[in-house]
Amino acid sequence: MSKYLLKGGTVVTFVKGEDKPRVYKADVLVEGTTISRIEQNIEPPQGAEVVNCENKWIAPGFVDTHRHTFMAISRGAHVDITLSEYVLKSFWTVQGSLTPEEVGIGTLAGCLEALSNGVTTILDHFNTAHTPAHADAALRSVLESGARVIWALARQSSATRVFPQPAFENEVATEKWQREKVKELGANGGNLRPDGRVTLGLAYDISWQGPIETHKEWLDYARANSVKLVTAHVSGNTTVAAWRDGGLLGQDVLFSHCNHLGHHTPADEEAWAALKESGAAVGATPVNEIGMSYGNHVAFDALERGVKVGLGADTSTVASGDMFMPMRMALQWARGRQIEHRRKSNVKTPLHQQYTTADVFRLATLGGAEALNLSHLVGSVEVGKRADLLVFDADSVNLAGAQNPVASIVMNAAAADIETVFVDGEVVKRGGKLVRDWKPVAAELRARAQDVSKRWPEDKLEETWKQWYETYGPPVL
């Protein structure tokens, strides 16, 4: 059993039931997969590796509640487009053509990107499960990466054509093998690694098609086969109401985005109430939601209504794979909206900011763990929890002199400031570099990304988008 003593650091963490973070000097002992002691002046046990944490901050690993790791194969491709463009330029076109090898290297690169950025837990919404080979390639990469992942296989088929209308001609065969795959993967209680670091989820974005009874049967089947969590892309109250009325909601449900619930209509408030009463959660991804014109994020709307909520990076096709950007965007956009409201309503500026860096630090750690039903394992630095830990260099160029670790992790830090990353007590980043050799991953990713770009040059995608837009207008999402 491996042992690590993190010596002389400053622990930075939220603890369940407390409104403010704890920041205090202590040593942290990791034995095997678990945090076994947090005290001052711990003597190194026999065989323990001592990690000097003087002038360093020991924080929980970040928890991402919505990400498509495979999309690292198209990194940066969607930074200047809307969600509607994405559907035509990627979802109905590029993604359907990806090979298992391209999906596999994209997934591995996406998971390693997360780990390098201190994201130790990921809800991976895998919506490119075209064939069993695609699913197997993605899962192999997840397992190989060392990340803690809820791997959510998507129950949907890829588009076989776009014009004159989108067609999904492989749906019958796809539904069959996906049903069989869920049963196969759920055989070990939903644990895709024996130690439970990777578990089975289900992504279910097709509930708008056909009778709700069909979807209830599928979700009942998935739950009976040990699916740990069900996730779906959701925009507004109609989907929430359909899941509520159809008996699909539950504590194991997480809806990503939910931007239209920020309009606060009576129907929206009914949807919020349904989420709270059922114990369902929301995964907010502020950077791409605002950048791709989904709508404004609802992280604080959820918090204020008692709904579990976390943050996510979503996809590296739009932004970086860290949690620093989502935390900053969530906070500063909410503050900006308040300023606008006060000016329009002639409301007095308050004594203090309503939303703080501590709020978003919690969303990116313990709040995300609560949303994924993993807060008994991760999300905080506490004795008995799994050792998913980050060690920040507080003497770095970005952090030196900072007196408020929580504020500076949120507003000043970058991946370069994270010296060490533990997942389940295993060191996956040391000395500021991934333990896994990144060079061969980068070489294969670059080559396969170039292959994808050759098949789908920008002018071809733009022509497809313009043809759709001029014929039908933007897709209704």
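See above for the structure.
Reading guide: rules and limits
- Residues numbered from 1 in each chain as written.
- Predicted model: local features only at pLDDT ≥ 70, side-chain atom pairs only at ≥ 80, totals over all residues.
- Heavy atoms only, no water.
- Helix = DSSP H or I, 4+ residues; strand = E, 2+ residues; numbered from the N terminus.
- Axes fitted to C-alpha atoms, helices over the stretch in contact; angles between N-to-C directions.
- Parallel < 35°, antiparallel > 145°, perpendicular 65-115°, else oblique.
- Left-handed = near helix turned anticlockwise from the far one by under 90°.
- Contact = heavy atoms within 4.5 Å.
- Nonpolar A, V, L, I, M, F, W, Y, C, P; charged D, E, K, R; others polar.
- Salt bridge = Lys/Arg side-chain N within 4 Å of Asp/Glu carboxyl O.
- Buried < 20%, exposed > 50% of the residue type's maximum accessible area, 1.4 Å probe, protein only.
- Core = buried A, V, L, I, M, F, W, Y, C linked by side-chain atoms within 4.5 Å.
- Expected span 1.5 Å × (residues − 1).
- Lys, Arg positive; Asp, Glu negative; His and termini not counted.
- Polar contact = N/O pair within 3.5 Å; in protein donor to acceptor, adjacent residues only side chain to side chain.
- Pairing = 2+ DSSP bridges.
- Phe/Tyr/Trp six-rings, centres within 6.5 Å; stacked < 30°, edge-to-face > 60°.

**Things to note about unusual backbone geometry**
- Of the consecutive residues Phe163 and Pro164, the connecting peptide bond is found in the cis state with omega at 0°.
- Summarising the element assignment, Pro164 is placed in the loop between β8 (148-154) and α5 (171-185).
- Here the phi dihedral of Cys258 falls at roughly 60°; this positive angle occurs in a residue that is not glycine.
- In this structure, Cys258 sits in the loop between β11 (253-257) and α8 (266-278).

**Focus on the packing of helix α3 (residues 100-116) against helix α14 (residues 438-455)**
- Between α3 and α14, the shortest axis-to-axis distance is 9 Å and the interhelical angle comes to 130°. Considered as vectors, α3 and α14 are oriented oblique to each other. α3 and α14 meet at a crossing whose hand is left-handed. Two secondary-structure elements touch here, α3 through Glu101, Glu102, Ile105, Gly106, Leu108, Ala109 and Leu112 and α14 through Trp438, Val441, Glu444, Leu445, Arg448, Asp451, Val452 and Arg455.
- Partitioning the contact of α3 with α14 into residue classes produces eight nonpolar, one polar and six charged.

**A short note on the pattern of salt bridges**
- In total, this model carries 38 salt bridges according to the counting rule given.
- Glu39 is the partner of Arg37 in a salt bridge, and the nearest nitrogen-oxygen pair spans 3.0 Å.
- Between Arg244 and Asp245 there is a salt bridge, with its nearest N and O atoms 2.8 Å apart.
- Residue classification places Asp245 among the exposed positions, given a relative accessible area of 60%.

**Things to note about the environment of Trp57**
- Among the secondary structure elements, Trp57 is positioned in strand β5 (residues 56-60).
- Taking relative accessible area as the criterion, Trp57 reaches 5% and is therefore assigned buried.
- Along the primary structure Trp57 and Ala394 are separated by 337 residues, whereas in three dimensions their C-alpha atoms are 6.5 Å apart.
- For Trp57, the contacting residues outside a window of four places in its chain are Thr10, Val12, Leu390, Val391, Phe392, Ala394, Leu399, Ala402, Pro405, Ser408 and Ile409.

**A short note on the nonpolar core**
- Phe62, Trp151, Trp243, Phe255, Leu275 and Phe392 are the most contacted members of the largest nonpolar core, which has 117 residues in total.
- Per-element tally for this core: the top contributor is α3, with eight residues.
- Those residues in contact with Phe255, other than ones at most four positions away along the chain, are Ala232, Val234, Val240, Trp243, Leu249, Leu275, Ala281, Val282 and Gly283.
- Counting 17 residues, the second-largest nonpolar core is a separate cluster that includes Cys53, Ile58, Phe422 and Val427.

**Notes on helix α6 (residues 212-224)**
- Its 13 residues give α6 an end-to-end C-alpha distance of 18 Å, which sits within 8% of 18 Å, the value for a rise of 1.5 Å per residue.
- Those residues of α6 hidden inside the fold are in contact with α5, β9 (198-203), β10 (229-234) and α7 (237-245).
- Phi for Ser226, located one or two positions after α6, is positive at around 70°.

**Some words on the side chain of Asp205**
- One can find Asp205 in the loop between β9 and α6.
- Here Asp205 occupies a buried position and makes no salt bridge, while the nearest side chain of opposite charge, Arg155, is found at 11 Å.
- In terms of polar contacts, Asp205 uses its side chain to reach the backbone amide nitrogen of His233, at 2.7 Å.

**Things to note about the sheet that holds strand β7 (residues 119-126)**
- Ordered by their spatial adjacency, eight strands build an open sheet running β6-β7-β8-β9-β10-β11-β12-β13, and the pairing between neighbours is parallel. With partners counted over all chains shown, the strands left at the sheet margins are β6 (62-67) and β13 (308-311), one partner each. Taking each pair of neighbouring strands and ignoring which way they run, the sheet shows an average axis angle of 25°.
- As paired strands, β7 and β8 are joined by six bridges and run parallel to one another. By the bridge assignment, Phe126 is partnered in β8 with Leu153.
- α3 rests against β6 and β7 of the sheet, and its axis sits at about 150° to β7.
- The strands touched by helix α4 (residues 132-145) are β7, β8 and β9; relative to β8, the strand with the most contacts, the crossing angle is about 170°.

**Some remarks on the packing of helix α1 (residues 83-91) against helix α15 (residues 458-472)**
- Axis separation between α1 and α15 bottoms out at 9 Å; the angle between their running directions is 120°. As far as their axial angle goes, α15 and α1 are oblique. For the pair α1 and α15, the sense of crossing is right-handed. Contact residues: α1 offers Ser84, Glu85, Leu88 and Lys89, while α15 offers Glu458, Leu461, Glu462, Thr464, Trp465 and Trp468.
- Looking at the contact of α1 with α15 residue by residue, the class counts come to four nonpolar, two polar and four charged.

**Things to note about the packing of aromatic side chains**
- What the rule picks out here adds up to 13 aromatic pairs.
- Considering the side-chain rings of Trp468 and Tyr472, the 4.6 Å spacing of their centres and the 50° angle between planes classify their relative orientation as tilted. Residue Trp468 and its partner Tyr472 are both found in helix α15; the two are separated by four residues, about one turn of the helix.
- Judged by relative accessible area, which is 5%, Trp468 ranks as buried.
- With a relative accessible area of 38%, Tyr472 lands in the partly exposed category.
- Cluster of aromatic residues (ring-pair linked, three or more members): Trp92, Phe163, Trp468 and Tyr472.

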